[in-house]
Amino acid sequence: MKKKLSLLMIIVMLTSLLVACGGNHANVENDNSKPESYTLEGIKKKGKLIMGTSADYPPFEFHKMINGEDEIVGFDIEIGKYIANELGVELEIKDMDFDKLLGGLSSGMLDIVIAAMNPDPERAKEANFSDIYYESTHSVLIRKEDKSNIVSMEDLNGKNIGVQIGTTQEKIAETEIKDANVISLNTNPDIVMNLKTNKIDCAIMETTVAKAFAKSNDDLMLVEGLVIDSGSEGVAVAIKKGNDELTEKINEILAKAKAEGLIEQWVIEANELNDLE
C-alpha cells in the first residue's frame, strides 16, 4: 500500500514539474514575441517616438526662448513632430552631442535621429537612412575683415579651420584641404565664438546654417561664390540599422510632407524664427 502511495506521489510531483516547466516555456515565448521598442510596432505600443538631435544648428534645430521658456525649435523639429503625429504617438526629443547620436540609435536609446545628418557611406554602415528630405551644400564662414584674404578653396590651405566634431564638414576639412589645422568642436556656437576671437581663421558649415550665423553676427560673412559639394546630396532621417519597416514608413511620411509643401514651409518659418534671435 505504501509502495502504491509513494508511486502515486511521484507521478503527481512529476506532473506538477512538467506543468511548471511548460508554463515557464510559454512565458519565455511571450517575452521573445514582445516587439523591440524602436521598431514601428514597438513605437506605437509605447505611444512615444524618441528623437535624437543636436540643437545647435539653426535653422535645422536650435534653442529659442519662447514665452519665457527654453524650447528646441527648427524645421527638423517640425519634421519630427509631423512623423510622430502621422504615427499617432507623442514626440520626445533628446538633445545630444552630434557625435553621440548614432551610438544612441544603435543602442536602442533613440528611435530616430533628425539632425541635418548627411547619409555618407561610413554612416550608412551604422544606420538605415530615409530618403533625402533636404538638399544641402557647405560654405565657409569668415570674419568680414578677411574678405579679401579668403576667396577660394586654395586660400584655406594651411589655415586653422573650425568644424563640428563628427560631421561631414570635419571630413571635408581633413581630406580636401591641404595642411589644414582642423579644430573640431562640440557645437557651432563654440565654433562661431572661436572665429570671432581669432582662434580659428574660418569655419566650414552647412550653407543654411552658415547663413543663419552670418545674419546674427554683423562681423561675419560667407565667402562669396564658394560652395562645397560633399557628394552626399543632402540630409536624411537616421534609423537603427536593419529597422526596415520603420524606414519605409518614414519615407512614406516624408513623401507626403513634401507633396503638401510642408518642408519648404517649415524651412521658411525656421529661418524667420532664427532671424528674431
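The structure displayed is predicted, hence computed values, not measured ones. (Residues numbered from 1 in each chain as written. Predicted model: local features only at pLDDT ≥ 70, side-chain atom pairs only at ≥ 80, totals over all residues. Heavy atoms only, no water.)

> Run through the sheet that holds strand 2 (residues 56–57), naming residues and quoting values.
The antiparallel open sheet is built from three strands, whose spatial order is 2-3-4. Each having just a single partner strand, strand 2 and strand 4 (69–73) make up the two edges of the open sheet. (Pairing = 2+ DSSP bridges. Helix = DSSP H or I, 4+ residues; strand = E, 2+ residues; numbered from the N terminus.)

> Please provide a residue-by-residue account of the pattern of salt bridges, values included.
Summed over the entire model, instances satisfying the criterion amount to 13 salt bridges. The shortest N-O distance in the salt bridge between Lys81 and Glu78 comes to 3.4 Å. Of this pair, Lys81 and Glu78 both sit in helix 3 (residues 75–87), three residues apart, roughly one helical turn. A residue is classified by how much of its surface remains accessible, and Lys81, at 43% relative accessible area, is partly exposed. With a shortest N-O distance of 3.7 Å, Glu252 and Lys249 are connected by a salt bridge. (Salt bridge = Lys/Arg side-chain N within 4 Å of Asp/Glu carboxyl O. Buried < 20%, exposed > 50% of the residue type's maximum accessible area, 1.4 Å probe, protein only.)

> Describe in detail the environment of Ile172, supporting the description with residues and values.
As for its placement among the helices and strands, Ile172 is situated in helix 6 (residues 168–176). In the structure, Ile172 is positioned 57 residues away from Asp229 in sequence and 9.5 Å away in space, judged by C-alpha atoms.

> Got a sec to walk through the layout of surface pockets? Specific residues and values, please.
Estimates place the volume of the largest pocket at around 170 Å³. Residue lining of the largest pocket: Phe98, Asp99, Lys100, Leu101, Leu102, Met117, Arg123, Glu126, Gly166, Thr167, Glu170 and Lys171, and that is the complete set. Partitioned by chemical class, the residues of the lining of the largest pocket number four nonpolar, two polar and six charged. (1 Å grid on protein atoms, 1.4 Å probe; cavity = no way out; pocket = protein on both sides within 12 Å on 5 of 7 lines; lining within 4 Å. Points joined across faces, edges and corners; volume = space filled by probe spheres on them. Nonpolar A, V, L, I, M, F, W, Y, C, P; charged D, E, K, R; others polar.)

> Requested: an account of unusual backbone geometry, with residues and values cited.
In this model, Pro58 is joined to Pro59 through a cis peptide bond whose omega is 5°. Counting through the fold element by element, Pro59 comes out in the loop between strand 2 and strand 3 (61–66). Despite not being glycine, Asp179 has its phi angle at roughly 55°, a positive value. By the element assignment, Asp179 lies in the loop between helix 6 and strand 11 (181–185).

> Let's hear about the packing of aromatic side chains: which residues, and what values?
The tally for this structure, following the rule as stated, stands at five aromatic pairs. Between the aromatic rings of Phe60 and Phe75, the centroid separation amounts to 4.6 Å while the plane-to-plane angle is 45°, which identifies the pairing as tilted. Of this pair, Phe60 sits in the loop between strand 2 and strand 3 while Phe75 sits in helix 3, placing them 15 residues apart in sequence. Owing to a relative accessible area of 0%, Phe60 belongs among the buried residues under this scheme. When its relative accessible area of 0% is taken as the criterion, Phe75 is described as buried. Between Phe60 and Tyr134, the aromatic rings sit 5.6 Å apart at their centres with planes inclined by 85°, giving edge-to-face as the arrangement. In this pair, Phe60 is assigned in the loop between strand 2 and strand 3 and Tyr134 in strand 8 (residues 134–135), connecting sequence segments 74 residues apart. By the ring-pair criterion, three or more aromatic residues cluster together here, those being Tyr57, Phe60, Phe75 and Tyr134. Across from the ring centre of Tyr38, 5.1 Å away, lies the NZ or CZ of Lys240, which sits over that ring. (Phe/Tyr/Trp six-rings, centres within 6.5 Å; stacked < 30°, edge-to-face > 60°. Lys NZ or Arg CZ within 6 Å of the ring centre and 35° of its normal.)

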